[in-house]
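# Topology and contacts: notes
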Amino acid sequence: MGWYHIPLLVALLIAPALSWREYRIRRSIDLSATNPLMPDAKLPADLVPQNYTLRIAMNPEALTFHGSVNITMTCAKKRANQVNLHAHTDLQIDEANLEIWRLDVGHVGPVKIRRVDRIPKKPLLVVYLHDDLEVGGTYEARIKFNGNIWENTEGVFQGKYKVDAADVTAPEQTSYFATHFRPNLARRVFPCFDEPAYKVPFQVSIVRPKGYHTLFNTELESSETLEDSTVEDRFKITPPLSTFALGFVMSNLAEITHGKELDVAGKPMLRIWARPDMHDQMKDVRAKILVIMEYLTNYWNTSFPLEKLDIVALPNFASVKPADNWGLIVFKESELMNGYYTITQELVYQWLGSWITPHWWTDAHVNKAIAGYLAASATINLDNGVEFEGKWPMTILYSIYYEFSKRYPHSRITAMKQETTCSKTELVLRMLNFTLGGDTFRNGLRKFIEHREYKTFVTGDIWEALTKQAHLDNRLCEQATINDIAESWITKDRIPMVSVQRSYDKKTATVTQRLYLRERPHDVPEQDKMLWWIPLIVVRQDNLNFTNTSATKWMKKVREVTLEDLPDANKFIIVNPEEIGPFPVNYDQHNWNLLAQYLLTEEGRKKIPVYTRAKLLHDAWNLAYAGDLSFATAFNMTLFMQFERNHLVWNPVFTLIDHIGRHIDMSAVHKKFEIYVRTLLTPLYEELVQDQSNDEEEEKWKGNLRNLAKTFLCRAGYKPCIEEAQKVFKKWMDSPEPDLGNPIANQYICPVFKWGTQEEWEFGLQRIINFPEHRVRSERTYLLKTLAGCPIQTAKINRLLNITVLEDNGNFTDNDIGLIFKMLSGGSNGYMALFRFLQQNWEAIKLRFKDREILWDNLINSATGLFTTQEGYDLVSQLYVQRQGEFGTAEHIIEKSLKNIKEETKWSDENLPVIEKWLDGFLDHHKLSEEKFMG
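First, a word on scope: everything that follows refers to the structure included in this document.

### Looking at the overall build of the protein chain
Along the backbone of the protein chain there are 30 helices and 31 strands. What you see for the protein chain is a C-alpha radius of gyration of 31 Å, in line with the 30 Å of a compact globule of 935 residues. In terms of its C-alpha atoms, the protein chain occupies a principal-axis envelope of roughly 95 × 75 × 65 Å. In the protein chain, which comprises 935 residues, the share counted as buried stands at 59%. Counted over contacts in the protein chain with a minimum sequence separation of 6, partners at least 24 positions apart contribute 73%. Accessible area of the protein chain: about 38100 Å², with a carbon and sulfur share of 48%.

### Some words on unusual backbone geometry
Comment: phi is negative for the bulk of residues other than glycine, and the bulk of peptide bonds are trans. Following arginine 182, the chain continues into proline 183 via a peptide bond in cis, with omega recorded as 5 degrees. Relative to the elements of secondary structure, proline 183 occurs in the loop between strand S11 (173–180) and strand S12 (202–208). Each neighbour pair has its own omega, and for tryptophan 392 with proline 393 the value is 5 degrees, a cis peptide bond. Its place among the elements puts proline 393 in the loop between helix H7 (364–383) and helix H8 (394–404). Not every positive phi belongs to a glycine, and leucine 63 is a case in point at roughly 55 degrees. Along the chain, the position of leucine 63 falls in the loop between strand S1 (47–59) and strand S2 (64–75). With a phi close to 50 degrees, aspartate 808 is a non-glycine residue in the positive phi region. The residue aspartate 808 is located in the loop between helix H24 (794–806) and helix H25 (814–824) in this model.

### Concerning the nonpolar core
One finds Met58, Phe190, Trp463 and Tyr676 to be the most contacted residues of the largest nonpolar core, which totals 222 residues. If we ignore the near neighbours within four places in the chain, the residues touching methionine 58 are Thr64, Phe65, Ile149, Val156, Phe177, Ile206, Val207, Phe248 and Met250. Grouped together as the second largest cluster of nonpolar side chains are 61 residues, Cys750, Ile768, Leu834 and Leu859 included.

### With respect to the pairing of strand S25 (residues 508–515)
Across 8 bridges, strand S24 (residues 496–503) lies against S25 in antiparallel orientation. Of the residues in S25, the one forming a bridge with serine 499 is threonine 512. Hairpin remark: S24 followed by S25, antiparallel, with 4 residues in the connecting loop; positive phi at lysine 507, about 55 degrees. Note that S25 and strand S29 (residues 560–563) share 4 bridges and pair antiparallel. Bridging from a neighbouring strand, threonine 512 pairs with glutamate 560 of S29.

### Section: the sheet that holds strand S3 (residues 82–86)
Pairing is antiparallel across the open sheet formed by 3 strands, whose spatial order is S3-S8-S7. Two strands in the sheet have a free side with no partner beyond their single neighbour: S3 and strand S7 (113–118). Across the sheet, the mean angle from the axis of one strand to that of its neighbour is 15 degrees, orientation sign disregarded.

### Comments concerning the pairing of strand S5 (residues 99–102)
Every second residue of S5 is oriented toward a common face, the buried set being Ile100 and Arg102 and the non-buried set Glu99 and Trp101. As paired elements, S5 and strand S9 (residues 138–148) share 4 bridges and run antiparallel to each other. Its bridge partner being in S9, arginine 102 is matched across the sheet by tyrosine 139. Relative to strand S6 (residues 109–110), S5 is paired through 2 bridges, and the arrangement is antiparallel. In the strand pairing of S6, arginine 102 is matched with glycine 109.

### Observations concerning the sheet that holds strand S18 (residues 269–274)
In spatial order, the strands read S17-S18-S19-S21-S20; together these 5 strands make up an open sheet with mixed pairing. Each having just a single partner strand, strand S17 (254–255) and strand S20 (323–325) make up the two edges of the open sheet. Taken together, the 3 bridges between S20 and strand S21 (residues 328–332) define a ladder with antiparallel strand orientation. Bridging from a neighbouring strand, aspartate 324 pairs with isoleucine 329 of S21. In the packing of helix H4 (residues 285–300) onto the sheet, the strands contacted are S17, S18 and strand S19 (308–314), and the crossing angle to S18 comes to about 140 degrees. The sheet strands contacting helix H6 (residues 341–351) are S19, S20 and S21, and the helix crosses S21 at an angle near 160 degrees.

### A few points about the packing of helix H17 (residues 647–664) against helix H30 (residues 891–925)
Two elements in contact, H17 and H30, have axes separated by 10 Å at closest approach and are oriented at 105 degrees. It follows that H17 is roughly perpendicular to H30 by the angle criterion. Touching Ile660, His663 and Ile664 of H17 are Glu904, Trp907, Ser908, Leu912 and Ile915, all from H30. Considering only residue class, the contact of H17 with H30 consists of 5 nonpolar, 2 polar and 1 charged.

### A look at the pattern of salt bridges
The final tally for this structure, using the stated rule, is 55 salt bridges. Two residues, aspartate 628 and arginine 514, come together in a salt bridge whose shortest N-O distance is 2.4 Å. You can see aspartate 628 sitting in the loop between helix H15 (610–626) and helix H16 (631–636) and its partner arginine 514 sitting in strand S25, a full 114 residues away along the chain. Looking at aspartate 628, the relative accessible area reads 21%, which means it is partly exposed. Note on arginine 514: relative accessible area 33%, which makes it partly exposed.

### Digging into the packing of helix H28 (residues 853–864) against H30
For any two helices packed against each other, one specifies the inter-axial angle together with the distance between the axes. Between H28 and H30, the shortest axis-to-axis distance is 9 Å and the interhelical angle comes to 15 degrees. The angle between H28 and H30 falls in the class roughly parallel. Regarding H28 and H30, the two cross each other, and that crossing is right-handed. On H30, the residues that touch Asp857, Ile860, Asn861 and Thr864 of H28 are Ile893, Ile894, Ser897 and Ile901.

### Looking at H17
Taking 1.5 Å of rise per residue, the 18 residues of H17 would be expected to cover 26 Å, and the 26 Å separating its terminal C-alpha atoms lies within 8% of that figure. In terms of residue burial, H17 counts as a mostly covered element, since 17 of its 18 residues are buried.

### A look at the state of the cysteines
Disulfide: a covalent bond formed between the sulfur atoms of two cysteine residues. As enumerated under the stated definition, the model contains 2 disulfides in all. A sulfur-sulfur separation of 1.5 Å characterises the disulfide bridge that pairs cysteine 714 with cysteine 721. Classification of the bridge connecting cysteine 714 and cysteine 721 rests on its S-S torsion, roughly 80 degrees, and on that basis the disulfide is right-handed. On the basis of relative accessibility, which here comes to 4%, the residue cysteine 714 falls in the buried class. Overall, cysteine 721 belongs to the buried group, its relative accessible area being 4%. A sulfur-sulfur distance of 1.9 Å marks the disulfide that ties cysteine 750 to cysteine 790. One disulfide, between cysteine 750 and cysteine 790, carries an S-S torsion of -115 degrees and so falls in the left-handed class. Residue cysteine 750 is located in helix H21 (residues 749–755), and its partner cysteine 790 is located in the loop between helix H23 (777–789) and H24; the two are separated by 40 residues in the primary sequence.

### Here we look at the environment of aspartate 310
Counting through the fold element by element, aspartate 310 comes out in strand S19. For the pair aspartate 310 and tryptophan 463, spaced 153 residues apart in the sequence, the C-alpha separation amounts to 32 Å. Apart from residues no more than four positions distant in its own chain, aspartate 310 is found in contact with Leu215, Phe216, Arg271, Trp273, Gly327, Leu328 and Ile329.

### Quick look at the side chain of threonine 153
Here threonine 153 lies in the loop between S9 and strand S10 (155–162). Discounting residues that sit within four places of it in the chain, threonine 153 has contacts with His180, Leu185, Phe317, Ala318 and Ser319.

### Some words on the side chain of glutamine 158
Its place among the elements puts glutamine 158 in strand S10. Glutamine 158 gets classed as buried once you look at its relative accessible area, which sits at 12%.

Criteria and thresholds
- Residues numbered from 1 in each chain as written.
- Predicted model: local features only at pLDDT ≥ 70, side-chain atom pairs only at ≥ 80, totals over all residues.
- Heavy atoms only, no water.
- Helix = DSSP H or I, 4+ residues; strand = E, 2+ residues; numbered from the N terminus.
- Rg over C-alpha atoms; globule rule 2.2 N^0.38 Å.
- Buried < 20%, exposed > 50% of the residue type's maximum accessible area, 1.4 Å probe, protein only.
- Contact = heavy atoms within 4.5 Å.
- Areas by Shrake-Rupley, 256 points an atom, 1.4 Å probe, with all protein chains shown as cover.
- Core = buried A, V, L, I, M, F, W, Y, C linked by side-chain atoms within 4.5 Å.
- Pairing = 2+ DSSP bridges.
- Axes fitted to C-alpha atoms, helices over the stretch in contact; angles between N-to-C directions.
- Parallel < 35°, antiparallel > 145°, perpendicular 65-115°, else oblique.
- Nonpolar A, V, L, I, M, F, W, Y, C, P; charged D, E, K, R; others polar.
- Salt bridge = Lys/Arg side-chain N within 4 Å of Asp/Glu carboxyl O.
- Left-handed = near helix turned anticlockwise from the far one by under 90°.
- Expected span 1.5 Å × (residues − 1).
- Disulfide = S-S within 2.5 Å.

Set out below in structure tokens:
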């Protein structure tokens, strides 16, 4: 199997980015959750809520609750004769005692109800009335309800945790109860107008057992012990808020008092809650939150909009994102200790999200993007980029490049579409911050929140405020609007690419834009109609100024513009430095050559900033991959990497190597490319190893880069790595009870299975077969992935296929077999062996998979879909002809495979000769001792 291309390796490749990806899902406005609401029919606008009086009584022992809600409403439309509310199907309503009252002076009294309906399969409660309601009249719905407390974090949920073992008087476990209402889960707890636009005050009482205390959005007003010895807590009336921002926590967590002397008079009262044995570990959290609060208060130029803020560290909190109730934010314990980003983002939502709220969920992605951008900017300002290790925004930017350059972005997965759209919007906000200037951008956002206290907004309100500020500051021509600019980016599931063709004698350049596509064929419908507002920021070699981020010229949704007064022919230009805009840039051959030559100099690597160096390298390889640039030019742009030691420039290189590796895995160029990569990585790795021994307090990024380089070199057969792995692996083999656990780190397993002996591989196979039931199943899954995905020897692969497919060994499930097929599709050794196995055992496999259509389809896809050369096309084509009519449910799969291989063959025919010629020239001048590598 290709040493660089196996799914396991790809997972390791993006591991540094995954830590950033974790930040992306820790968002309170989670678009994957809100997306189903976007087309959801809103409640009729006949009635508008004015306030709620809500009482909830908790019964922790029975894991239930009951309560009552009085909703005061105003009739807004004629002929309204029904009351429509959200109520989850799991919520039980006391329909017999449900009442609707009129409250207007002189007309106080009950309204006659015709019937009460629960809409099947919809979370709706409809009360039909005998008579029409009067427009302008005030009414009140009085409803009793009861429901269940859940373990999953929806509605009201229960969590458990072990208490401090030192406290012998405490029970082994204790429980807490909390709510998570975003985006539309308040309806699981009480009937309501569960839409963000309805922002009204709440008067709330919560009944709890003694021994617990309750935190709510507002301060406790009074407590009363009831006849059954429970306690009813009454809280101050809330400001107007949406149902999703409501929340409470009932627990016996204790307030962290460390650092309270740091609190500033007149600021919101800040309280931090955690289990007592975590207090010492969280002693610095208050100082961190106060710093963030000061930063955001200065940014918004307005105080925190509430009189108190409770921060709760919930043990074993299972939600993937914090619960940002207004004035009561619930985090995982680790989130409060990890850094600034997650905390900052949730605090941004206290201003923009709860205080000022998206009118509907279609506006949520802009809210989320602003929160993400401001949180990232604040984090970088507050810790000088330590938390992100400099990777923001590059990691998110690269993922956007890859996703939106596909023929079918998101693979039609809507939740992914919402997340990537939000990420792109965040990058557009960053672009606007640069091109308009930080002061104009900030003042525009300040203008946006002015006079919107407790109100809602639509996306256009934000763009309008930024436009007015940009016009006032003369940062945007009067004919242009931010709405025009933003809309051209956000409404398309695409990004553009810009091409710069210089006329050196005229000192001008023709700049064109078009849709950026990496995947072939480039047959996206209506791509000629796609145009963007693109800022052209230009840096020139005769005046290397990377601080001026104003646009030299805007491409105002036009196909072509001209840049003038450019430098002499021996000086390069750079368009879109520092990835100011989310788009790649291509140049004419001469300008690329000038850039490559300059980066080979120490001056060039010092004067061109790191993000720009990374961008030039990333753009060159991706443009070549897409067929828009010669691979000779792209490889020339990698020559400076021999001297480059910044991890931000190196990070995309590993992924790029993998992408190109997929196409040359079967070709004769493969070995030369492997030597090229060895030549590139060996000095880097050995230098980082040397630095490690001399550096007592090593920066984290160095360790990550060293491990990444080591991973690739191990796959490439780097002997010191293989020998180390085998030495560690032997300890496992010598263990008297090897099935009790895996005593070695995962990083050592794949090199052994790939380069090690048949005996070592067989040992791994037996560990899977004998895997005990009591052990964690994910350990077995990882072992199976490496056992299938790492070997390059056909004998190992055939052995695994014989056992699992032909012998139908009972220790392997259909899921296991499907995983094996997937892992074998990772490189040519694997899918070629799988193809030959299918070819030679057709009848037996067909019989085995007679009633297992999913496995059969997976097999055909994995065995035929990854070839990239004419040789591969011929093999698959021959099988298709030979077994015509026998593919059954997989007929369409092999037909698709043949179509895809034909496209990949075109790519190989066009690019492999160019790649091979460049590699020949490179290897003639760069000799690497092959003694360090396995044969």
